[in-house]
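Structural overview for review
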Amino acid sequence: MGLEAFAFQILNAVVWAWVLALLALGLTLIFGYLDIINVAHGTLYAIGAAISWWLVQATQSPQVGFLLALLVAPLAVALIGLVAYHLTIRPIMSRPPIYSLVTTFGLMFILQHALFLIIGGAPRSAEMPIDTLIPILGRTYPLYRFVMAGVAAVIILALWVFLHRSTYGTWIQAVQQNRAVATAMGIPARQVVTVVFCLGSALAGIAGVLAAPVLQVRYDMGIDIIMDAFIVVIAAGFGNLFGTVVVAMVYQIIQAVLALLITPLQAKVLALLAVLAWVLIRRKGLLERERLA
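Read on for a plain summary of the structure. All chains use their own residue numbering, which begins from 1 and follows the written sequence. Totals for whole chains, interfaces and linings use every residue, but because this is a predicted model, local features are given only for residues with pLDDT of at least 70 and side-chain atom pairs only at 80 or more, for both listing and counting. By convention in this description, side-chain values take in all heavy atoms of the structure and omit both hydrogens and water.

**Structural notes on the overall build of the protein**
- Elements are defined by DSSP. Helices are runs of H or I of four residues or more, strands are runs of E of two residues or more, and each kind is numbered from the N terminus. Helix and strand content of the protein: eleven helices and two strands.
- In the protein, the succession of α and β elements from N to C terminus is α-α-α-α-β-β-α-α-α-α-α-α-α.
- Computed over C-alpha atoms, the radius of gyration of the protein comes to 19 Å, within 12% of the 19 Å expected from 2.2 N^0.38 for 293 residues, which places it in the range of a compact globule.
- If one aligns the C-alpha atoms of the protein with their principal axes, the spans along those axes are about 65 × 50 × 35 Å.
- Relative accessibility thresholds used throughout: buried, under 20% of the residue-type maximum; exposed, over 50%; partly exposed, between the two (1.4 Å probe, protein chains only). In the protein, which comprises 293 residues, the proportion classed as buried is 48%. Atoms counted for the radius of gyration: C-alpha only. Globule rule: 2.2 Å times the number of residues to the power 0.38.

Put into C-alpha cells, the structure is as follows:
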C-alpha cells in the first residue's frame, strides 16, 4: 500500500463524510426534536437523487440540471415529507417511538416502489456538473467532489445558524424542551413540528442531489446509506449536530483505512463494531438524546 493510495482513500472518506453527515443531520433533527425514527429517510435521499438525474436529462445540461435540482429537489422532497407527516406520522405522534419506526418502515416501501415505477430498476447515471480534474500527489481528482463537500458543509453551517441564531430556531428548541409551555407562550407548536419534519426531509433531498453525480441513481440507493446514517446518529447521540459531523468523519475514515487491508464489506463490519463499542463506552445513543448543538 503506497502513501498516495492511503492519502486518496482518506481524502475520499473525508469528502463523502460531509454528504453522510448532511443526511444524518436530517435524521437526527427529526428524532432529536420530534421523537420520530424515520426509516424512510433514505428513500427521500433517493428521490432527491432521482430528481437530479431527471433534471439533467430534461435540460440536456449537467450544470443547469444540477443547479435546478439544488432548488427543486429539497422543495419537492419537503412537500413529500409534509404529506407523509400529515397522513402517517401526525396520527401517532403521542405514541412511543417504536410506532414511528414501524410506520416509516411501511412508508419506505411505498415510496421506494413508487420511485421504482417512475425511474425503473436499472441504475441511472447523472453527469457531473463540473468535469474538471485537479492534480493531487501526481494523480487527478474530480473538482466536483470538493464542491460537493463544500456545499454540504455550507448547508450544515446554515442549519446551525438557523437553529441557534433565528427566532424560528428558538421556537423549535422551545417546543422540543416543553411543547405545552411553548404553546402557552404563543409559539405555534404544530407549525413548528411540521417545519422540523419538512426541514429534515429537505436535507435528505439535498444530500441525494449532491450524491447523484458520484453514485449510480437507483430506486433503492437509500437502503445502504441509511444504515450508515443511523450508525452515525446513534454513536453521536440523537440531536447532536456537532457530534454527528465528527462521527461521520471518523466512521468514514475507519472504513477507508480498513478497506485498504481487507474487503470493503469486512471494513464496514469492523467499522460498525468500532462504533458500537464507542456507544457502549459512552453509554449514550438511542437511550439518551442530546440537544442539537
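**Notes on the pattern of salt bridges**
- Each reported salt bridge corresponds to a side-chain nitrogen of Lys or Arg within 4 Å of a carboxyl oxygen of Asp or Glu. Using the criterion set out here, one finds two salt bridges in the structure.
- Asp228 is the partner of Lys268 in a salt bridge, and the nearest nitrogen-oxygen pair spans 3.4 Å. With Lys268 in helix 11 (residues 264-282) and Asp228 in helix 9 (residues 222-236), this residue pair connects regions lying 40 residues apart in the sequence.

**What about the nonpolar core?**
- Buried Ala, Val, Leu, Ile, Met, Phe, Trp, Tyr and Cys residues form a nonpolar core when they are joined through side-chain atoms within 4.5 Å. With 91 residues, the main nonpolar core has Leu22, Leu34, Tyr45, Leu210 and Val217 as its most contacted residues.
- Among the elements that make up this core, the one with the highest residue count is helix 1 (residues 3-34) (18 residues).
- Each residue touching Leu210, except ones within four places of it in the same chain, is listed here: Leu22, Phe66, Leu70, Tyr144, Met148, Val151 and Ala152. For this analysis, residues touch if any pair of their heavy atoms sits within 4.5 Å.

**Some details on the packing of aromatic side chains**
- Here a Phe, Tyr or Trp ring, Trp counted by its six-membered ring, pairs with any other such ring whose centre lies within 6.5 Å, and the pair is stacked when the planes are under 30 degrees apart, edge-to-face when over 60, and tilted otherwise. One pass over the structure, following the stated rule, counts eight aromatic pairs.
- Summarising the aromatic geometry, the rings of Phe116 and Tyr219 are spaced 5.0 Å apart at their centres and angled 65 degrees between planes, so their arrangement reads as edge-to-face. Residue Phe116 is located in helix 4 (residues 97-119), and its partner Tyr219 is located in the loop between helix 8 (189-211) and helix 9; the two are separated by 103 residues in the primary sequence.
- Residue Phe116 is classed as partly exposed on the basis of its relative accessible area, which comes to 35%.
- Comment: the charge-over-ring label is applied if NZ (Lys) or CZ (Arg) is within 6 Å of the ring centre and within 35 degrees of the ring normal. Looking at Arg139, its charged tip hangs above the ring of Phe8, at a distance of 5.2 Å from the centre.

**Focus on helix 2 (residues 41-59)**
- Here, expected helix span is obtained from the residue count minus one, scaled by 1.5 Å. Given a rise of 1.5 Å per residue, 19 residues ought to cover 27 Å, and the 27 Å separating the end C-alpha atoms of helix 2 matches this to within 8%.
- Of all 19 residues in helix 2, 15 are buried, a share of seventy percent or more.
- Positive backbone phi, approximately 60 degrees, marks Gln60, located one or two places after helix 2.

**A look at the environment of Ala256**
- Secondary-structure assignment places Ala256 in helix 10 (residues 241-259).
- Sequence-wise, Ala256 and Val14 are 242 residues apart; in three dimensions their C-alpha atoms are separated by 9.4 Å.
- Leave out the neighbours within four places in its chain, and Ala256 touches Gln9 and Ala13.

**Re the pairing of strand 2 (residues 139-142)**
- Strand pairing is assigned whenever DSSP detects at least two bridges linking the two strands. The pairing of strand 1 (residues 133-136) with strand 2 spans four bridges and is classified as antiparallel. Its bridge partner lying in strand 2, Ile136 is registered against Arg139.
- Between the antiparallel neighbours strand 1 and strand 2 lie two residues, among them Leu137 with a positive phi of about 55 degrees.

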